[in-house]
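# Topology and contacts: notes
Below are the chains, spelled out letter by letter.
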Amino acid sequence: MIEKFINPFTDFGFKKLFGEEQNKDLLIDFLNQLLPEKDQIKDLSFHQNEHYSRSAEDRQAIFDLYCENQDGEKFIIELQRAKQTNFKERSLYYASFPIQEQAKSGMDWKFDLKGVYTIGIMNFVFDEHKDKPDKLLHHVQLMELEMKEVYYDKLTFIYLEIPKFKKELHQLQTRFDKWLYLLSNLNKLTDRPVELQERVFQKFFDTAEITKYNPQQLHEYRESLKQMRDYYNTMETAKLEAGEKGKEEGKKEEKIQIAKTALAQGLSIDIIQKLTGLSAEDIEQLK
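Since the structure is predicted, the reported quantities are computational estimates derived from the model, not experimental observations. (Residues numbered from 1 in each chain as written. Predicted model: local features only at pLDDT ≥ 70, side-chain atom pairs only at ≥ 80, totals over all residues. Heavy atoms only, no water.)

### Some remarks on the pattern of salt bridges
Let me state the cut-off plainly: Salt bridge, as used here: a side-chain nitrogen of Lys or Arg that lies within 4 Å of a carboxyl oxygen of Asp or Glu. Strands here are runs of E lasting at least two residues and helices are runs of H or I lasting at least four, both read from the DSSP assignment and numbered beginning at the N terminus.
Scanning the model with the defined rule gives 18 salt bridges in all. The salt bridge partner of Glu209 is Arg192, with a shortest N-O separation of 3.3 Å. Here the residue Glu209 occupies a position in the loop between helix 5 (199-208) and helix 6 (215-242), and Arg192 occupies one in the loop between helix 4 (175-185) and helix 5, the gap between them amounting to 17 residues. One continuous salt-bridge network, built from bridges that share partners, spans Arg192, Asp206, Glu209 and Lys212.

Quick look at the structure:
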């Protein structure tokens, strides 16, 4: 490896930078750039990222990160490396888990739900937003259409389209700009830019510096990097092999072809589910 800093879009990199207890201040600072002033986070606690539906027949959900803030509000943070056909639907499905887990038995519970935030950090652009290159951060809530007012503010989806960020170092003006620059360019940097000297970014660089890792961590990072490259190669290969897309049968065939290619390259069923939206049972049948 010739990079000085890890790639934040690998599983290892993302969880090393944002998913460890000693680095939760990095996650808090980053999330606060996405949230409005009234929703700022003071503290976070990490929770188990694997969740099961109440019905044994239903799918499980494995979040990249699952956190709770000081007010008991839930945060699902998902890193999506490549385009997925039903990413918005998956976000909605995932949000149902922290909603359901708040239910309490007995007649005394009054449905007093805490807020749920699902945050998608996407290394792709939504097709319907390609003609809006300057709109890279999306806040979505239930709205009363005629009055155009927020109808319910305890369910929020935040999508961040990373490829739309094009600013150079000298153009960075806000903390939000700086975080996006780091996510977009971290593994390409050979040193710490003078424009990113704040304490939180110095800690971020310290955590990302590859030479500080022990042999086990280096091995895990290399495996994660290989997995990410296989992920992209699988997507590109499947696009070529699936043929014409756009018809429903073509979309189904594309998903199956992606799954077959991913299985052949040794990717896990969990990753293939994220790639395709197919069930674990469907994927098992393709082996």
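### Overview of the packing of helix 1 (residues 11-18) against helix 5
Where we set the bar: An axis is simply a line fitted to the C-alpha atoms; with a helix, the fit covers only the stretch in contact. Between two such axes, the angle follows the N-to-C directions and lies from 0 to 180 degrees. By definition in this entry, angles of less than 35 degrees are roughly parallel, angles greater than 145 are roughly antiparallel, angles of 65 to 115 are roughly perpendicular, and the rest are oblique. Left-handed describes a crossing whose near helix is turned anticlockwise from the far helix through less than a right angle; right-handed describes the clockwise counterpart. We call two residues in contact when some of their heavy atoms are within 4.5 Å. Residue classes follow a fixed rule: Ala, Val, Leu, Ile, Met, Phe, Trp, Tyr, Cys and Pro count as nonpolar, while Asp, Glu, Lys and Arg count as charged, and any other residue, Gly among them, counts as polar.
At a minimum axis distance of 10 Å, the contact between helix 1 and helix 5 shows a crossing angle of 140°. The orientation of helix 1 relative to helix 5 falls into the category oblique. The crossing of helix 1 and helix 5 is right-handed. Seen from helix 1, the contacting residues are Lys16, Leu17 and Phe18; seen from helix 5, they are Phe204, Thr207 and Ala208. Grouping the constituent residues of the contact of helix 1 with helix 5 by class yields four nonpolar, one polar and one charged.

### A short note on the sheet that holds strand 5 (residues 74-80)
What counts, and what does not: A pair of strands is labelled paired if DSSP reports no fewer than 2 bridges between them.
If you walk across this open sheet you meet the six strands as 1-4-5-6-8-7, and the pairing is mixed. Of all strands in the sheet, those with a lone pairing partner are strand 1 (44-46) and strand 7 (137-144), marking the two edges. Ignoring which end each strand starts from, the neighbouring axes of this sheet average 25° apart. As paired elements, strand 1 and strand 4 (residues 65-69) share three bridges and run antiparallel to each other. Bridge pairing in strand 4 links Ser45 to Glu68.

### What to know about the packing of helix 2 (residues 24-34) against helix 4
The geometry of helix 2 relative to helix 4 is characterised by a closest axis approach of 9 Å and an angle of 120° between their N-to-C directions. Between helix 2 and helix 4, the angle is such that the two are oblique. Remark: the crossing between helix 2 and helix 4 carries left-handed chirality. On helix 4, the residues touching Leu26, Asp29, Phe30, Gln33 and Leu34 of helix 2 are Arg175, Phe176, Trp179 and Leu183.

### Topic: the packing of aromatic side chains
What counts, and what does not: We call Phe, Tyr and Trp rings a pair once their centres come within 6.5 Å, taking the six-membered ring for Trp, and we label the pair stacked below 30 degrees between planes, edge-to-face above 60, and tilted otherwise. Note on exposure labels: buried denotes an accessible area under 20% of the residue type's maximum, exposed denotes more than 50%, and partly exposed covers the range between, all computed with a 1.4 Å probe on protein chains only. Lysine NZ or arginine CZ positioned within 6 Å of the ring centre and within 35 degrees of the ring normal marks a charge as sitting over the ring.
As enumerated under the stated definition, the model contains 18 aromatic pairs in all. With a centroid separation of 4.5 Å and an interplanar angle of 0°, the aromatic rings of Phe75 and Tyr117 are classed as stacked. Highlighted residues: Phe75 in strand 5 and Tyr117 in strand 6 (residues 116-122), separated in sequence by 42 residues. With respect to class, Phe75 is no different from Tyr117; both count as buried. Among the aromatic side chains, those forming a connected cluster through ring pairs are Phe14, Phe18, Phe30, Trp179, Phe201 and Phe204. The ring of Phe126 has Lys88 sitting right over it, with the charged end atom 4.5 Å from the ring centre.

### Quick look at the confidence of the model for the chain
Selection criterion: What pLDDT expresses is the predictor's confidence in each residue, scored from 0 to 100.
Confidence in the prediction for the chain averages 86 pLDDT; 88% of positions are at 70 or higher. The weakest mean pLDDT in the chain belongs to strand 2 (residues 50-52) at 56; the strongest belongs to helix 5 at 97.

### Structural notes on the pairing of strand 6
In terms of burial, strand 6 is largely enclosed, as seven of its seven residues are buried. Side-chain alternation along strand 6 places Val116, Thr118, Gly120 and Met122 on one buried face and Tyr117, Ile119 and Ile121 on a second face that is also buried. Of the strand pairs in this sheet, strand 5 and strand 6 are connected by seven bridges, and their pairing is parallel. Each residue of the ladder has a partner; that of Phe75, found in strand 6, is Tyr117. Bridge count for strand 6 against strand 8 (residues 149-161) is seven bridges, and the pairing is parallel. From the neighbouring strand, Ile119 faces strand 8, where its bridge partner is Ile158.

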